[in-house]
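Okay, here's what each chain looks like letter by letter:
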Amino acid sequence: MELQCEQCGGQVKIPEDAVSGEIVACKDCGVEYEAIIDKQGTVELKSAESVGEDWGE
Ligand SMILES: [Zn+2]
């Protein structure tokens, strides 16, 4: 499954066996997201900003 990166519009790949809370990274810009997966299997990307790295704007 692939979702669109909010930062660059690239594709963020979600492994099929991903669990909710899994950290995934955009291969184009390197931004990391937390993959939130609900009971229906819908995946939502949440910016993993709390990791603490300063990625500037
Ligand atoms: Zn990206």
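Thresholds, definitions, all that
Residues numbered from 1 in each chain as written. Predicted model: local features only at pLDDT ≥ 70, side-chain atom pairs only at ≥ 80, totals over all residues. Helix = DSSP H or I, 4+ residues; strand = E, 2+ residues; numbered from the N terminus. Buried ≥ 20, exposed ≤ 12 C-beta atoms within 10 Å, placed from the backbone. Contact = placed C-beta atoms within 7 Å. Pairing = 2+ DSSP bridges. Axes fitted to C-alpha atoms, helices over the stretch in contact; angles between N-to-C directions.

**Q** Hey, could you run me through the overall build of the protein in this one?
**A** When helices and strands are counted, the protein shows 0 helices and 5 strands. Along the protein, helices and strands appear, N-terminal first, in the series β-β-β-β-β. Burial statistics for the protein: of 57 residues in total, 11% are counted as buried. At a minimum sequence separation of 6, the contacts of the protein that also span at least 24 residues come to 16%.

**Q** It is not clear to me how the sheet that holds strand E5 (residues 43-47) should be interpreted in this structure. Could you clarify?
**A** The strands making up a sheet are joined through hydrogen bonds of the backbone, oriented either antiparallel or parallel. Here 3 strands make up an open sheet; going across it, the order is E3-E4-E5 and the pairing antiparallel. Edge positions in the sheet fall to strand E3 (22-25) and E5, since each of these pairs with one other strand and no more. Taking the axes of each pair of neighbouring strands and ignoring which way they run, one obtains an average angle of 40° across the sheet. Across 4 bridges, E3 lies against strand E4 (residues 32-37) in antiparallel orientation. Across the sheet, the residue bridging to Ala25 is Glu32, located in E4.

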